[in-house]
2 protein chains.
Amino acid sequence: MSSRHETGRPRDPQDDSPVWENRIKIGPWTQISRAVTYNNPWIRVEHHQVQDPSGQDGVYGVVHFKNRALACVPLHEDGTVTLVGQHRYPLDLWTWEIPEGGGSREADPLTEMQRELMEETGLSASEWIPLGVIHPSNSVTDETAHLWLARGLTEGSLARESTEGDMKTMRVPFAEAVAMALDGRITDALTVTALFRASGWLTSASSRT
Amino acid sequence: MSSRHETGRPRDPQDDSPVWENRIKIGPWTQISRAVTYNNPWIRVEHHQVQDPSGQDGVYGVVHFKNRALACVPLHEDGTVTLVGQHRYPLDLWTWEIPEGGGSREADPLTEMQRELMEETGLSASEWIPLGVIHPSNSVTDETAHLWLARGLTEGSLARESTEGDMKTMRVPFAEAVAMALDGRITDALTVTALFRASGWLTSASSRT
């Protein structure tokens, strides 16, 4: 890739030099140029000139997530799960979710998840069952979320971040959390997908015993 | 809100005039200023100065989605569902999904979904069971997705968009699609959540009869 497209600045609109040297195949797409249009500690937004799978010229705005998304279903011995409630700024909406956070792509995802769970709920877990990854919004972002079921929980103390100052927790039976995900009282995609996969794992685990 | 923050341009960094007149409460957050940093036909990216729920100064990058996300599980009489495969540019990843698309916020979501289903698969459906909404990525975006189960399918002809030139379809048993969502062969959040809710709806429908 040509280094002039790595400067984080859009191409000068007066610069009409050919950009063919920057052509990259992305599956059936061709990336012709890219320019960073926004950057903060969490996301980088890029404007790409592309040719789509049919060969038509177009543009693509891509939102790169600097961190992995992490989420776990904390399942207590009594069959309840801890949900976390908070106001989500982009939607201006109060929402009940499982514990979630962002983890550095350089760090171990599970270690980062364990830190987030402790910070938000004070809980630590002795058993971590991986529930795979999901891609929350793949038409625009490269966000990748890692999901777990966490069991063998013990309670410690909270250490919430400043942005989590309004956070609340509640414990509900696992079946009630699933019902909330099904009937729309829970709308957060990480929570809905993790409860689904946890439910599938628990069903197949119980059929093995 | 003061009109000077509605111009779509960042505040002049040399402008140190007070911005208190622009303060807006977003739940426990305070929005102090906002500036559009990127705009294309699908998304608008804004940089906000904020005070977080603990009163600390910070910034928030918000990705506004101009369209609603729409997705449906097309369930055939023989118990199979039609999946759509395509290469997702932001992730550089081939992915199997249910039919999805973007619909204007001014139009009826179901009408837009029916058009997308026809375009991508050639299918039309006589029965549409709403499966509610989800928020795919609520820490950064305001994206809202509407989900359905579609039954009573009849086959017509395709009319794919240019960006969908690599799209493929396959039919798999509903239980196999659910297994793919559970074991990670399907990672698209809209697909995983819609299959979960469709599964819940079908289970409760069968227990009613």
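Quick caveat, the model's predicted, so the values are computed rather than measured.

Caption draft 1: Expanded view of the nonpolar core. Judged by nonpolar contacts, the single largest core of 72 residues is most densely connected at V73 of chain A together with V73 of chain B. Counting twelve residues, the second largest nonpolar core, distinct from the first, contains I43, F65 and V140 of chain A together with F65 of chain B.

Caption draft 2: Geometry of helix α1 (residues 109-121) of chain A. Residues and elements named next belong to chain A. The terminal C-alpha atoms of α1, which comprises 13 residues, lie 18 Å apart, in line with the 18 Å expected from a rise of 1.5 Å per residue. Within α1 the residues assigned to the buried category are E112, M113, Q114, L117, E120 and T121. On the buried face of α1, the contacting elements are β5 (67-74), β6 (80-88), β8 (100-104), β9 (123-134), β10 (145-155) and β11 (168-173). Residue G122 follows α1 closely and has a positive phi angle near 80°.

Caption draft 3: Up close: the domain arrangement of chain A. Residues and elements named next belong to chain A. Domains assigned within chain A are domain 1 (3-65) and domain 2 (67-208). Centre-to-centre separation of domain 1 and domain 2, based on C-alpha positions: 34 Å. Every contact between the two is made by six residues of domain 1 and, on the other side, six residues of domain 2. A per-class count over the side of domain 1 that touches domain 2 returns four nonpolar, two polar and no charged.

Caption draft 4: Structural context of the relation of the copies chain B and chain A. The operation relating chain B to chain A is a screw motion whose rotation component is 180°, with 0.0 Å of axial translation and a residual RMSD of 0.0 Å. The superposition operator between the copies reduces to a two-fold rotation axis. Among all residues of chain B, the minimum C-alpha distance to the rotation axis is found for P136 of chain B, at 2.5 Å. Interface overlap between copies: 100% of the residues of chain B at the interface are likewise at the interface in chain A, consistent with a symmetric, same-surface contact.

Criteria and thresholds
Residues numbered from 1 in each chain as written. Chains lettered and ligands numbered in written order. Predicted model: local features only at pLDDT ≥ 70, side-chain atom pairs only at ≥ 80, totals over all residues. Core = buried A, V, L, I, M, F, W, Y, C linked by C-beta atoms within 7 Å. Buried ≥ 20, exposed ≤ 12 C-beta atoms within 10 Å, placed from the backbone. Helix = DSSP H or I, 4+ residues; strand = E, 2+ residues; numbered from the N terminus. Expected span 1.5 Å × (residues − 1). Contact = placed C-beta atoms within 7 Å. Domains from an automatic or database assignment. Nonpolar A, V, L, I, M, F, W, Y, C, P; charged D, E, K, R; others polar. Least-squares fit on C-alpha atoms with pLDDT ≥ 70 in both.

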